[in-house]
Amino acid sequence: MVTKVEEPSKYGVVVHKPNHESRIDRFVEKPVEFVGNRINAGIYIFNPSMLRRIDLRPTSIEQETFPAMCKDGQLHSMDLEGFWMDVGQPKDFLSGTCLYLSSLTKKRSEKLTPSSEKYVYGGNVLVDPSAKIGRNCRIGPNVTIGPNVVIGDGVRLQRSVLLSGCKVKDHAWVKSTIVGWNCSIGKWARLENVTVLGDDVTIGDEIYVNGGSVLPHKSIKQNVDGKSWCCSLDMALLTAHSSRDYHVIPYLTWVEGGVRRIEGKLEKVLDTGKSSGEQTLLQLAFAVLRAA
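Since we're looking at a predicted model, the values are computed, not measured.

Asker: What exactly am I supposed to notice about the pairing of strand 2 (residues 12–16) here?
Answerer: Taken residue by residue, a regular strand's side chains alternate between the two faces of the sheet. In terms of burial, strand 2 is largely enclosed, as five of its five residues are buried. Neither face of strand 2 is left uncovered, since the one carrying Gly12, Val14 and His16 and the one carrying Val13 and Val15 both have all their residues buried. Looking at chain direction, strand 2 and strand 3 (residues 24–29) are connected through five bridges and run antiparallel. Note that in strand 3 the partner of His16 across the bridge is Ile24.

And the structure:
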């Protein structure tokens, strides 16, 4: 599937055969000169026979398999209808979630929680039936709440995604935040400014997290300012997680150790006790973070 964009120089552009609307001639990654405005939307439909083209080794289908299929005239494209957005960064994912919820509102989808619910504020609220909502909450706009989430009394949620099993205690404030699975947010805590919590994170009572990215299985007992917070990490891998047909949520997985970010600067920390594979991962992570 391909989609049209205004700035194709940021993506992999699909170039078609002359006078052929669907047959793909080649791919151009982040072209400097204009070669087209249709980009790879990351959605593929293949005949199972395509799998025979993939060798039993680590293979990039975009860089190896697709070019071979183009050469044989076996790769075609179809325009993707509707909106499309690159959600590779947490802030972009939250924006994409807002667009998706708005589209459900326009379609008057029954998946959305009715605005007649006392806790819905501003609309575009999607709550799993198994979630429990406390008294005097204000939820919305643009909030997604996953299965088995428990929301305490007086909680304020806005422009956020809460994955399954989360607990948000009384009078917490959560805005522009992605909350990972099985997290616990304390009473009167405040999270905002594109904060991301990994799996099983505990935020203490009355803690303020401003744009922080917290590793899985961590307990936060002090305020966190994302602009100056020091943390150990090698690499953040943003992957997609799907829960039911409406709940498409990315989740941050951190690989601990190896690279440290200190006041905006990166410092490499090599551990001689690590295996060669882990060392390679650290080197790669450092290069990626430094480039970012």
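So that's the structure; there's more coming.
Asker: Mind showing me how you'd approach the sheet that holds strand 10 (residues 156–158) here?
Answerer: Two modes of strand pairing occur in sheets, parallel and antiparallel, and in both the strands are linked by backbone hydrogen bonds. Taken in spatial order, the six strands make up an open sheet running 7-10-13-16-19-22, and their pairing is parallel. Looking at which strands have only one partner, the edges of the open sheet turn out to be strand 7 (138–139) and strand 22 (224–225). With three bridges joining them, strand 16 (residues 190–192) and strand 19 (residues 208–210) adopt parallel strand pairing. Counted as the bridge partner of Glu192 is Asn210 from strand 19.

Asker: Which parts of the structure should I look at to understand the nonpolar core?
Answerer: Soluble globular proteins: nonpolar side chains tend toward being buried together. If you look at the biggest cluster of nonpolar residues, it comprises 31 residues, and the most contacted ones within it are Ile145, Ile151, Leu157, Ile185, Leu197 and Ile203. Of all the secondary-structure elements, those providing two or more residues to this core are strand 5 (125–127) and strand 8 (143–145). With near-sequence residues (within four places) excluded, Leu197 lies in contact with Ile178, Val179, Gly180, Cys183, Ile185, Leu191, Ile203 and Val214.

Asker: For this particular structure, what's the right way to read the pattern of salt bridges?
Answerer: Oppositely charged side chains can pair when the atoms bearing their charge come close. In the structure shown here, the tally under the stated rule is ten salt bridges. Salt-bridge contacts for Lys17 lead to Asp25; the nearest nitrogen and oxygen are separated by 3.1 Å. In this structure, Arg57 engages Glu64 in a salt bridge whose closest nitrogen and oxygen atoms are separated by 2.7 Å. Of the residues examined, Arg57 reaches a relative accessible area of 42% and is grouped as partly exposed. The exposure class of Glu64 is partly exposed, given its relative accessible area of 34%. Linked through salt bridges whose partners overlap, the residues forming this network are Lys17, Asp25 and Arg26.

Definitions and limits used
Along each chain, residues carry numbers from 1 onward, in the same order as the chain's sequence is written. Where totals are concerned, whole chains, interfaces and linings use all residues; where local detail is concerned, this predicted model gives features only for residues with pLDDT of at least 70, and gives and counts side-chain atom pairs only at 80 or more. Side-chain figures throughout are based on the complete set of non-hydrogen atoms in the structure, without hydrogens or water. Relative accessibility under 20% of the residue-type maximum defines a buried residue, over 50% an exposed one, and the middle range a partly exposed one, all with a 1.4 Å probe and only protein chains included. A helix here means a DSSP run of H or I that spans at least four residues, while a strand means a run of E at least two residues long, and both kinds are numbered starting from the N terminus. Pairing between strands is defined by DSSP: at least two bridges between them are needed. As used here, the term nonpolar core means buried Ala, Val, Leu, Ile, Met, Phe, Trp, Tyr and Cys residues forming a set that is joined through side-chain atoms within 4.5 Å. We call two residues contacting when some pair of their heavy atoms lies within 4.5 Å. Salt bridges are counted wherever a side-chain nitrogen of Lys or Arg sits within 4 Å of a carboxyl oxygen of Asp or Glu.

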